Amino acid sequence: MNFDIHTKWMEEAYNLAIKSYNCDEVPVGAIIVENNKIIGRGHNEVEKLNDSTAHAEMIAITSAANYKNDWRLIDTSIYITKEPCIMCYGAILNSRIKNLYYGAEDPKLGFKANLVDLSSLNIHLNNIQSGILHEKCRAILKEFFQDKRKNNKIK
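Residues numbered from 1 in each chain as written. Predicted model: local features only at pLDDT ≥ 70, side-chain atom pairs only at ≥ 80, totals over all residues. Heavy atoms only, no water.

Asker: An account of helix α6 (residues 134–150) is requested, with residue identities and associated values reported.
Answerer: Its 17 residues give α6 an end-to-end C-alpha distance of 24 Å, which sits within 8% of 24 Å, the value for a rise of 1.5 Å per residue. Taken as a whole, α6 has its buried residues at Cys137, Ile140, Leu141, Phe144 and Lys148. Here the buried residues of α6 occupy an arc of 95° about the axis, which is enough to place them on one side. Residues of α6 that are exposed and point more than 90 degrees away from the buried face comprise Arg149 and Lys150. Where the residues of α6 are buried, they touch α1 (5–22), β3 (77–82) and β4 (99–104). Just past α6, the residue Asn152 takes up positive phi, approximately 50°. (Helix = DSSP H or I, 4+ residues; strand = E, 2+ residues; numbered from the N terminus. Expected span 1.5 Å × (residues − 1). Buried < 20%, exposed > 50% of the residue type's maximum accessible area, 1.4 Å probe, protein only. Arc of directions from axis to C-beta. Contact = heavy atoms within 4.5 Å.)

Asker: How would you sum up the packing of α1 against α6? Please name residues and give values.
Answerer: Axis separation between α1 and α6 bottoms out at 11 Å; the angle between their running directions is 5°. When the interaxial angle is binned, α1 and α6 end up roughly parallel. Contact residues: α1 offers Met10, Glu11, Tyr14, Ala17, Ile18 and Tyr21, while α6 offers Lys136, Cys137, Ile140, Glu143 and Phe144. Here the contact of α1 with α6 is built from residues that sort into eight nonpolar, no polar and three charged. (Axes fitted to C-alpha atoms, helices over the stretch in contact; angles between N-to-C directions. Parallel < 35°, antiparallel > 145°, perpendicular 65-115°, else oblique. Nonpolar A, V, L, I, M, F, W, Y, C, P; charged D, E, K, R; others polar.)

Asker: Describe in detail the nonpolar core, supporting the description with residues and values.
Answerer: One finds Ile32, Ile61, Ile78, Ile80, Ile92 and Leu100 to be the most contacted residues of the largest nonpolar core, which totals 35 residues. At the level of elements, α1, β1 (29–34), β2 (37–43), α3 (56–68), β3, α4 (86–94), β4 and α6 are the ones that each hand at least two residues to this core. The element contributing the most residues to this core is α1, with five residues. If near-sequence neighbours (up to four positions away) are discounted, Ile80 is found in contact with Met10, Val28, Gly29, Ala30, Glu57, Ile92, Leu100, Tyr101, Tyr102 and Gly103. (Core = buried A, V, L, I, M, F, W, Y, C linked by side-chain atoms within 4.5 Å.)

Asker: Outline the sheet that holds β2, supporting the account with residue identities and numerical values.
Answerer: Sheet strands associate in pairs through backbone hydrogen bonding, adopting either a parallel or an antiparallel arrangement. As summarised here, the arrangement of the five strands in space is β2-β1-β3-β4-β5, forming an open sheet in which the pairing is mixed. Both edges of this open sheet fall to β2 and β5 (127–130), since each of them pairs with a single strand only. Averaged over all adjacent pairs, the angle separating strand axes in this sheet is 15°, with direction ignored. On top of the sheet, α3 reaches β1, β2 and β3; it is set at about 145° to β2, its chief contact. (Pairing = 2+ DSSP bridges.)

Asker: So what's going on with the pairing of β4? Which residues, and what values?
Answerer: Within β4, six of the six residues are buried, leaving the element largely enclosed by the surrounding structure. Two strands pair when backbone bridges link them, and β3 and β4 are joined in this way by five bridges, in the parallel orientation. Bridged to Tyr79 within β4 is Tyr101. Judged from the four bridges that link them, β4 and β5 form a sheet pairing that is parallel.

Shown next as structure tokens:
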């Protein structure tokens, strides 16, 4: 199978979503890429850390900033299996990430449904593309929440 580069990186993020799923966390994974190399990784750890901000994106951003020893993630790309929430979108903008790629849309909590267009306020985020591995990314989320409902484990 011949994957394009975006599919390759989204597969890496998806592997982290599986890790979240196996840890009984909402299955979201994120990676940050610079010069064709992963410099940051994260998966949801909200339950594990008892921290509402421990989203995959936030952890990946912290990881990449530590790798670069700089909070400015200029000329990097972030790949996330689910559309980021408002908090994570703000962190992406503040980190000066250049490209945002994500798989499944989140019509309830995603940034697009909850924000006016902020792209004109940020000169660093040049590209936003959704739908990469959409069905695969959506399916793991759907399975996770179906299992939670079936077992009455949704808080």
